[in-house]
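So the chains spell out like this:
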Amino acid sequence: MPQGALLFQPSHFPREAWTDHLRRFMPELDIRTSFTEAESKDIVYCIAWRPEPGFFARLPSLKVVFSMGAGVDGIVADPTYPRHVPLSRVVDDTLSQAMTEYVVFNVLYWHRRVRDLEALQNLKKWRVIAAPRAEYVRVGLMGMGVLGQAAARALKALNYRLAGWSHSPKMLDGVESFVGADGLKPFLAKTDILVCLLPLTPATRGILNAQTFAALPQGAAVINCARGGHLIEKDLLAALDGGHLRGATLDVFQTEPLPESSPLWTHPKVFLTPHIAAITDPESFMRNVANAIRRMDQGSPPDNLVDFARLY
Ligand SMILES: NC(=O)c1ccc[n+]([C@@H]2O[C@H](COP(=O)([O-])OP(=O)(O)OC[C@H]3O[C@@H](n4cnc5c(N)ncnc54)[C@H](OP(=O)(O)O)[C@@H]3O)[C@@H](O)[C@H]2O)c1
């Protein structure tokens with residue numbers, strides 16, 4: 001039996017649609033979407049997505065928090081998060097599949113010059129644009145975790161020349177591994193299409209900046225499907241307008257929704273999407289939450305735990 005109630009915190013999501021899945025997987029669980037101070041002690045499990053700072057301090061009996069996303073920056077950024085409470089993040093094949101689709105599509109978008117071809121179509125101009133063979137296109141993945149490695153496997157099947165940059169070395173067939181601060185410049189120098197799949201932490205905030213862009217070869221493209229906080233938007237605009245970068249795909253932004261006034265909306269070299277690269281699947285997520293609660297009841301810790309020393 002569960003050891004107490006579960007609170008579904010995210011307020012901007014259709015609560016019933018999400019919690020109905022959990023009710024189906026765990027009918028015996030007491031699921032709540034709000035609480036009074038008197039009820040706060042009953043809540044031992046919490047599903048969270050970007051709560052207000054200080055939110056967790058109101059839940060004194062918490063035993064676990066389930067992040068509704070793979071990235072936990074919106075939770076660990078709160079200095080009042082009680083670090084003795086394990087934080088479990090989304091690691092799920094449906095999410096990896098969705099991100100892989102997004103990365104592959106966008107690598108192909110810049111490699112096969114889809115933007116230029118569309119511009120020619122609009123002008124009714126018949127001009128052949130030949131793309132290099134994939135094996136000559138160097139794709140660099142910043143972040144070689146669950147999502148970066150899934151994308152690398154799919155890109156490898158398409159024959160791209162791959163490199164990955166991470167905190168610790170990786171041994172992935174067909175992927176050259178670059179590590180840490182010393183490895184960053186050599187990694188960037190060999191990258192025609194840069195894909196950011198890093199977690200947002202103090203060490204990675206603003207990493208897509210003027211220096212990073214300058215270290216990429218002339219004509220490189222950038223794909224940011226991690227977090228808006230990774231990108232210095234004005235530096236990207238300068239690198240695009242100055243001609244050093246060929247184009248950028250952006251799924252995430254400093255401010256979301258992206259304000260109408262942003263020059264990114266209409267920039268001729270930017271393809272943008274509204275944070276949809278990989279959306280957590282409610283059914284799959286709730287199945288994993290139910291399984292984790294059952295495992296906890298039998299004395300096992302939840303899996304996919306965030307390391308609070310690294311903040312990812
Ligand atoms: N746009 C969307 O729809 C969407 C959806 C889901 C996720 N995301 C984003 O994708 C991110 C990655 O998810 P994931 O599940 O792949 O995360 P993960 O498994 O934790 O992988 C993170 C990777 O980044 C590397 N890394 C972290 N800090 C680093 C640093 N300072 N220098 C170099 N490498 C560093 C890690 O290196 P080590 O392996 O050596 O630790 C690891 O390879 C999430 O945090 C989230 O922000 C976006």
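Residues numbered from 1 in each chain as written. Predicted model: local features only at pLDDT ≥ 70, side-chain atom pairs only at ≥ 80, totals over all residues. Heavy atoms only, no water.

*Asks:* What exactly am I supposed to notice about the pairing of strand β7 (residues 161-166) here?
*Replies:* Most of β7 is tucked away: five of the six residues are buried. Examined bridge by bridge, strand β6 (residues 138-142) and β7 share five bridges and lie parallel to one another. By the bridge assignment, Val139 is partnered in β7 with Leu162. (Buried < 20%, exposed > 50% of the residue type's maximum accessible area, 1.4 Å probe, protein only. Helix = DSSP H or I, 4+ residues; strand = E, 2+ residues; numbered from the N terminus. Pairing = 2+ DSSP bridges.)

*Asks:* Which parts of the structure should I look at to understand the packing of aromatic side chains?
*Replies:* Both the distance between ring centres and the angle between the ring planes are used here to describe each pair of aromatic rings. Taken as a whole and assessed by the stated rule, the structure comprises twelve aromatic pairs. Seen in terms of ring centroids, Trp18 and Phe285 are 6.0 Å apart; in terms of plane orientation they differ by 70°. Their pairing is edge-to-face. Taken together, the residues Trp18 in helix α1 (residues 15-25) and Phe285 in helix α9 (residues 282-297) connect sequence positions 267 residues apart. Judged by centre distance (5.0 Å) and plane angle (80°), the rings of Tyr109 and Trp110 are edge-to-face. (Phe/Tyr/Trp six-rings, centres within 6.5 Å; stacked < 30°, edge-to-face > 60°.)

*Asks:* What am I meant to see in the environment of Pro268 here?
*Replies:* If you trace the backbone, Pro268 turns up in the loop between β11 (245-250) and β12 (270-272). The class of Pro268 is exposed, set by a relative accessible area of 61%. Considering only alpha carbons, one finds Pro268 and Tyr109, 159 residues apart in sequence, at a separation of 14 Å.

*Asks:* Can you help me understand the sheet that holds strand β1 (residues 5-8) in this one?
*Replies:* Strands belonging to one sheet form pairs held by backbone hydrogen bonds; the direction of such a pair is parallel or antiparallel. Taken in spatial order, the five strands make up an open sheet running β2-β1-β3-β4-β5, and their pairing is parallel. Each edge of the open sheet carries a strand with a single partner, namely β2 (31-32) and β5 (87-88). Sheet contacts for α1: β1, β2 and β3 (43-48); angle to β1, the most-contacted strand, approximately 150°. (Contact = heavy atoms within 4.5 Å. Axes fitted to C-alpha atoms, helices over the stretch in contact; angles between N-to-C directions.)

*Asks:* Would you mind going over the sheet that holds strand β8 (residues 175-179) with me for this structure?
*Replies:* Strand order across the open sheet formed by seven strands is β8-β7-β6-β9-β10-β11-β12, with parallel pairing between neighbours. At either margin of the open sheet sits one strand with a lone partner, and together these are β8 and β12. Direction aside, neighbouring strands of the sheet carry axes that sit 15° apart on average. Together, β6, β9 (193-196), β10 (220-224), β11 and β12 form the strand contacts of helix α3 (residues 93-111), whose direction differs from that of β11 by roughly 155°. Sitting on the sheet, helix α5 (residues 146-157) is in contact with β6, β7 and β8, with an inclination near 165° to β6.

Taken by themselves, the reported measurements are silent on function.
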